[in-house]
Amino acid sequence: MSQFRALAGVLRGGGRQWLRGPGGGVIHLFGPKRCCSSKAAVPSAVASSSSYVEEMYFAWLEDHKKVHESWDTFFRNAQADAPPGEADKRRPSTLLQGRAMSQTPGMTQKVVEDHLAVHTLIRAYQIRGHHVAQLDPLGILEADLDAFVPSDLITTLDKLGFYGLDESDLDKTFQLPSTTFIGGDQTTLPLREIIRRLEASYCGHIGVEFMFINNVEQCQWIRHKFETPGIMQFSNTEKRTLLARLIRSTRFEDFLARKWSSEKRFGLEGCEVLIPALKTIIDKSSAAGIENVIMGMPHRGRLNVLANVIRKELDQIFCQFDPKLEAADEGSGDVKYHLGMYHERINRETDKNITLSLMANPSHLEAVDPVVQGKAKAEQFYSGDTQGKKVMSILIHGDAAFAGQGVVYETFHLSELPSYTTHGTIHVVVNNQIGFTTDPRVARSSPYPTDVARVVNAPIFHVNGDDPEAVMYVCQVAAKWRNTFNKDVVIDLVCYRRFGHNEMDEPMFTQPLMYKQIRRQEHVLKKYSDKLIAEGVVTLQEFEEEVAKYDKICEEAYTSSKDEKILHNRHWLDSPWPDFFTAEGEPKSMSCPPTGLDEDMLQHIGQTASSVPMEDFKIHPGVSRILRGRADLVKKRQLDWALGEYMAFGSLLKDGIHVRLSGQDVERGTFSHRHHVLHDQEVDKQTCVPMNHLWPNQAPYTVCNSSLSEYGVLGFELGFAMASPNALVLWEAQFGDFHNTAQCIIDQFISPGQAKWVRNNGVVLLLPHGMEGMGPEHSSARPERFLQMSKDDPDRFPGFSGDFEVQQLYDCNWIVVNCSTPANYCHVLRRQILLPFRKPLIIFTPKSLLRHPDARSSFDDLATDTKFKRLIPDEGLVSQGPGRVKRVIFCSGKVYYELAKERKQQDLERDIAIIRLEQISPFPFDLVREELEKYPSAELVWCQEEHKNMGYYDYVRPRFLTVVANKKPIWYVGRDPAAAPATGNKSTHLNELKRFLDTAFKLNAFQGRKF
Ligand SMILES: Cc1ncc(C[n+]2csc(CCOP(=O)(O)OP(=O)(O)O)c2C)c(N)n1
Ligand SMILES: [Mg+2]
């Protein structure tokens, strides 16, 4: 780098010389105007010589005076020499071939070559300049992990030889290509100046990585923003604002450190510039029309962002440090640097209203990324912001996490998908060049932590965090980029971490040299205030007054925080639903209306589901057959699974409830049963979604095939469901087995979300589940895992007054169901919306039952006064003599049909009752008790098709025992314990099934056994 700086001096010196053209005169080929027009953009800087000559030729054709007289002579000669008829042709290649060159061979060749060399050199800086940019404030590490200097950057004079140039060429003047803006309004520059300006644009405190972008207009836009001479200018007012923001950022951390020296806060020291950076992004976005910004960020600097960007009241933040304060409202709460926030205010710079929210997040780094995107998408959707002009998202990342966590990649891949795009996210990486104790050289294989963003052609602006003005500039450009192209952009704030990972950590154990340098490092606030004082922008006194003013604000807030008697978790909500709850944030009732539907509605939805509501639309004969099958069912007043789902969605849409179904291949349905999107067989991309043709003024139905991601997409849908309670948002796994690649979203957000962050979320997970001999990875949605995380007490019969069902649902953390009939599936989806609160709903959905002739419901099961059955009693022959029943088998899901068939075959329909548990959690204690009272002398069996250590058994067993007060055993019938969820061998599968069905109906199977 020092070599490089020395060279800069050499380049700046030297007298003026001009490069002579072929005729000996000064080359002056083009007019002054260079713009982003497509014409200007056509030739690339490393074009072949013919394209360069073409560029000049076309200029010459426009006006002979536009090019140097030597080129004028050259083209005149060539034209005169051309055979009749060729001289007028617009392509000069034939014209020039051989003949023209021979007119002025040596000179022309040299001019062309030197110009090409300079073009190539300019392009080299545009591509690789960032590798030598001065990005590290500490000056010890290379931001790209590599001290290697690209051989095509002129960091020493001898490297001019790479281009066939030498020192003597430095003062020659070169025509600038249309792919650079370094000339400003000059079209030619001496090579010395070209290199100097390229260095200033690409090798200073900003490193711009963008040449991989495959869109010429976008590249030109960026070049213009970073190459135009003098473009990075700030007024004194802007500089003072920047200083004031830096003061707040710095003094906030100082204040916390002073008051709570032994508390973890994951301070921002070393990257204080993050606060003015975010504020600049928000100011510029607000000026561009953005009204709502949704942000996600990790631990580092979060309290500072809450205080100084979102503007959470300081006393509310400070009281989070008081260990004695108890929470006033529900939930277990979360640590202070995870809490979310929502705030509407006036943006001081633009005087416009702006809503800022910071999403609550778990410790799991980057997990919040897709959640933020989902919420942003929903806010855009509900405000009719189809282009992302009003709502945008900002994601803040740590360098190690951004490079290491796969969900970052999954989230990037959603960024341009029609049903998932948020029309451009601004990513800010707090690149403190360390992850906890790990050096970046062992934390990633890519040069920069930001390389993952290249997959979506997002420009990446690396910037030295100790140059606040450079940071501001980059943020302005990023905001303009996002609001111009509606595409993602990344700002890599290269900074350092002044202390340990948290305030208790000793960084010298692992990074001794880095931390010796950090100790010597002057604070950015000191550097910048000195600079502004030296420039006369502020006086020392003004600076000190500004500092004192903010310190006073902090002190006063600290004093008032002492008056707080109680913590309000609700004050930290990132997504309030004011109209859905009472003013106190409570549900407006504690009951749920019946979820049935009237006959007309069932008929109408059924008919739409069986038809193609568009003219001249040719569907596939196979789909025709399916629709005809549906029509037949509707005529018979029957429902299969697909129709049950149709009834739920269609009826909710009528009531203005938006329904969004997302997941892999959901439009058709993995099992080809759904067909919510019809494809015209003759017109490409012509589709029809009958669900959107149901009612006038209905709510929109969104059904969207997702990318092949679980973690990213489930996170996204969870975020989507946060924006409004008036939407049914469903994510379907291709097979339930695959949900575990999204386990983090389930464990960290869905199960404990309300407890940690007091927010409701009604997201629905559809998880195809069932042992059908398909092997270990297409069988189990792992019910045991969901049930283990359900919080209802196994040992206590809940003593609710009022509506038991609703109270119990209100009390739980999520609802887990396995419906055995289409009608019950429809009811549970409708109940999800008709409830006066929202809880996540996990549904184990069937595969073979989708088409099972017995797994059908009648319209009567959906009649107006019907509702979801948490448990389906046995209404068959056993009901004629319940006292005589010898065994009651409880089960859930598809196994019911296997049990019922076997019982019939064995003629045991009067002796054995089969009862279906449809809602497994919260456990329907009340209904189970009712059932058990019906069959006083029967023995109790739990039967499941899953292995004993899986499925529902561990969950239901203690709860059954609670119902019977431990006076009776509940025997297990099902597969033996196993490591894999299912066998891959079909005959083993069938043998297992036969074995446990035999046990289920062997009346003496448990005789003599102790419990
Ligand atoms: C998914 C996940 N894995 C591991 C951790 C533990 N952890 C907490 S902070 C941290 C380092 C993060 O480094 P970086 O992303 O650079 O952020 P910084 O702390 O440097 O700001 C790690 C590994 C975590 N929180 N989440
Ligand atoms: Mg880091």
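For clarity, every value in this text was computed on a predicted model and none was experimentally measured. (Residues numbered from 1 in each chain as written. Chains lettered and ligands numbered in written order. Predicted model: local features only at pLDDT ≥ 70, side-chain atom pairs only at ≥ 80, totals over all residues. Heavy atoms only, no water.)

1. Some details on the pattern of salt bridges
Side-chain pairing between opposite charges can occur once the charged atoms of the two side chains come close. Following the criterion strictly, the structure yields 46 salt bridges and no others. The partner of Arg-454 in a salt bridge is Glu-209, and the shortest N-O contact between them spans 2.5 Å. A residue pair is termed long-range when its members are at least 10 positions apart, and Arg-454 in the loop between strand E9 (425–431) and strand E10 (460–464) and Glu-209 in strand E3 (residues 206–209) qualify at 245 residues. Arg-454 gets classed as partly exposed once you look at its relative accessible area, which sits at 34%. (Salt bridge = Lys/Arg side-chain N within 4 Å of Asp/Glu carboxyl O. Helix = DSSP H or I, 4+ residues; strand = E, 2+ residues; numbered from the N terminus. Buried < 20%, exposed > 50% of the residue type's maximum accessible area, 1.4 Å probe, protein only.)

2. Structural notes on the site of ligand 1
Around ligand 1 sit 15 residues in total, of which His-299, Arg-300, Ser-363, Asp-399 and Asn-432 are the nearest. With respect to ligand 1, the backbone of Ser-363 contributes an N or O atom lying 2.9 Å from a nitrogen atom. For ligand 1, an oxygen atom lies 2.9 Å from a polar atom in the backbone of Ala-401. Expressed as a share of its isolated accessible area of 580 Å², the protein-covered part of ligand 1 is 74%. The greatest single-element share of the shell around ligand 1, amounting to 3 residues, is contributed by helix H15 (residues 399–404). Tallied by class, the residues present in the shell around ligand 1 amount to 5 nonpolar, 8 polar and 2 charged. (Near = heavy atom within 4 Å. Polar contact = N/O pair within 3.5 Å; in protein donor to acceptor, adjacent residues only side chain to side chain. Areas by Shrake-Rupley, 256 points an atom, 1.4 Å probe, with all protein chains shown as cover. Nonpolar A, V, L, I, M, F, W, Y, C, P; charged D, E, K, R; others polar.)

3. Some thoughts on the packing of aromatic side chains
Taken as a whole and judged by the stated rule, the model has 41 aromatic pairs. Relative to Phe-581, the ring of Trp-577 has its centre 6.2 Å away and its plane inclined at 10°; by these criteria the two rings are stacked. Here Trp-577 matches Phe-581 in class, with each residue buried. Seen in terms of ring centroids, Tyr-896 and Tyr-897 are 5.1 Å apart; in terms of plane orientation they differ by 80°. Their pairing is edge-to-face. In this pair, the class of Tyr-896 matches that of Tyr-897, namely buried. Here the basic side chain of Arg-660 rests over the ring of Tyr-420, its NZ or CZ set 5.1 Å away from the ring centre. (Phe/Tyr/Trp six-rings, centres within 6.5 Å; stacked < 30°, edge-to-face > 60°. Lys NZ or Arg CZ within 6 Å of the ring centre and 35° of its normal.)

4. Re the sheet that holds strand E7 (residues 352–358)
Spatially, the 8 strands line up as an open sheet ordered E3-E10-E11-E9-E8-E4-E7-E6, and their pairing is mixed. With one partner strand each, in any of the chains shown, E3 and strand E6 (341–347) form the two edges of the open sheet. Each strand of the sheet is rotated relative to its neighbour by a mean of 20°, with strand direction disregarded. Note: strand E4 (residues 292–296) against strand E8 (residues 391–398), 5 bridges, orientation parallel. Among the inter-strand pairings, Ile-294 is bridged to a residue of E8, identified as Ser-393. Sitting on the sheet, helix H12 (residues 302–310) is in contact with E4, E6 and E7, with an inclination near 165° to E7. Contacting E4, E7, E8 and E9, helix H14 (residues 368–382) crosses the sheet at an angle of about 170° to E8. (Pairing = 2+ DSSP bridges. Axes fitted to C-alpha atoms, helices over the stretch in contact; angles between N-to-C directions. Contact = heavy atoms within 4.5 Å.)

5. Here we look at the environment of Glu-945
Position of Glu-945 relative to the elements: it lies in strand E27 (residues 939–947). Sequence-wise, Glu-945 and Phe-75 are 870 residues apart; in three dimensions their C-alpha atoms are separated by 86 Å. Not counting the four nearest positions on each side in its chain, Glu-945 is found in contact with Gly-770, Met-771, Lys-894, Val-895, Glu-898, Arg-975 and Phe-996. Polar contacts involving the side chain of Glu-945 include one to the main-chain amide nitrogen of Met-771, which spans 3.3 Å. A polar atom in the side chain of Glu-945 sits 2.5 Å from the side chain of Lys-894.

6. Let's talk about the confidence of the model for the protein chain
Taken as a whole, the protein chain shows an average pLDDT of 90; of its residues, 91% reach a score of 70 or greater. Ignoring residues within four places in sequence, the model shows residues 1–48, a span with pLDDT below 50, making 118 contacts including any to other chains. With pLDDT under 50 throughout, residues 95–103 is counted as low confidence; its partners more than four residues away or in other chains account for 24 contacts. (pLDDT = per-residue confidence, 0-100.)

7. Describing the coordination of the magnesium ion (ligand 2)
Summarising the metal site, the magnesium ion (ligand 2) is bound by the protein donors Asp-399 (OD), Asn-432 (OD1) and Ile-434 (O), whose distances to it range over 2.0 Å. Overall, Ile-434 belongs to the buried group, its relative accessible area being 4%. (Donors = N, O, S within 2.8 Å, 3.2 Å for Na, K, Ca; no water.)

8. Some words on the side chain of Ser-790
Tracing the backbone shows Ser-790 in the loop between helix H27 (783–788) and helix H28 (804–811). A distance of 3.1 Å separates a polar atom in the side chain of Ser-790 from a polar atom in the side chain of Trp-814. If we ignore the near neighbours within four places in the chain, the residues touching Ser-790 are Asn-813, Trp-814, Val-816, Ser-921 and Tyr-955.

9. So, the nonpolar core
By size, the foremost hydrophobic cluster in this structure holds 105 residues, and its most contacted members are Leu-274, Met-295, Phe-318, Ile-394, Val-428 and Ile-491. Those residues in contact with Val-428 that sit more than four places away from it in its chain are Leu-274, Leu-278, Ile-281, Ile-394, Leu-395, Ile-396, His-397, Ile-491 and Leu-493. Core analysis: the second largest hydrophobic core is formed by 74 residues, Val-407, Val-713, Ile-915 and Trp-942 among them. (Core = buried A, V, L, I, M, F, W, Y, C linked by side-chain atoms within 4.5 Å.)

10. Some details on unusual backbone geometry
The amide bond that connects Ser-921 to the next residue, Pro-922, takes the cis arrangement and shows omega of -5°. At His-423, a position not held by glycine, the phi torsion is positive, near 60°. Within the fold, His-423 resides in the loop between helix H16 (406–412) and E9. Residue classification places His-423 among the buried residues on the basis of a relative accessible area of 13%. Its identity is not glycine, yet Asp-907 carries a phi of approximately 55°, on the positive side. With respect to the helices, strands and loops of the structure, Asp-907 is situated in the loop between helix H30 (895–905) and strand E25 (912–917).

11. Digging into the environment of Asn-353
If you trace the backbone, Asn-353 turns up in strand E7. Once the C-alpha coordinates of Asn-353 and Glu-291 are considered, the two residues, 62 residues apart in sequence, prove to be 6.5 Å apart. Contact partners of Asn-353, with chain neighbours within four places excluded, come to Glu-291, Arg-345 and Ile-346.

12. A few points about the packing of helix H10 (residues 236–259) against H12
The interhelical angle for the contact between H10 and H12, taken along N-to-C directions, is 125°, at an axis separation of 10 Å. With respect to H12, the axis of H10 lies oblique. The interaxial crossing formed by H10 with H12 has right-handed handedness. Of the residues in H12, those in contact with Arg-248, Ser-249, Phe-252, Glu-253 and Leu-256 of H10 are Leu-303, Asn-304, Ala-307 and Asn-308. A class-by-class count of the residues in the contact of H10 with H12 yields 4 nonpolar, 3 polar and 2 charged. (Parallel < 35°, antiparallel > 145°, perpendicular 65-115°, else oblique. Left-handed = near helix turned anticlockwise from the far one by under 90°.)

13. A closer look at the pairing of strand E17 (residues 701–705)
Counting buried positions along E17 gives 4 out of 5 residues, so the element sits mostly inside the fold. Relative to E17, strand E14 (residues 658–663) runs parallel, the two sharing 5 bridges. Looking at E17, one finds that Ser-662 is bridged to Cys-704.

14. A word on the pairing of E14
Within E14, 6 of the 6 residues are buried, leaving the element largely enclosed by the surrounding structure. What you see with E14 is no split at all: His-658, Arg-660 and Ser-662 on one side and Val-659, Leu-661 and Gly-663 on the other are buried throughout. Two strands pair when backbone bridges link them, and E14 and strand E18 (residues 727–732) are joined in this way by 6 bridges, in the parallel orientation. Paired with Leu-661 across the bridge in E18 is Leu-730.

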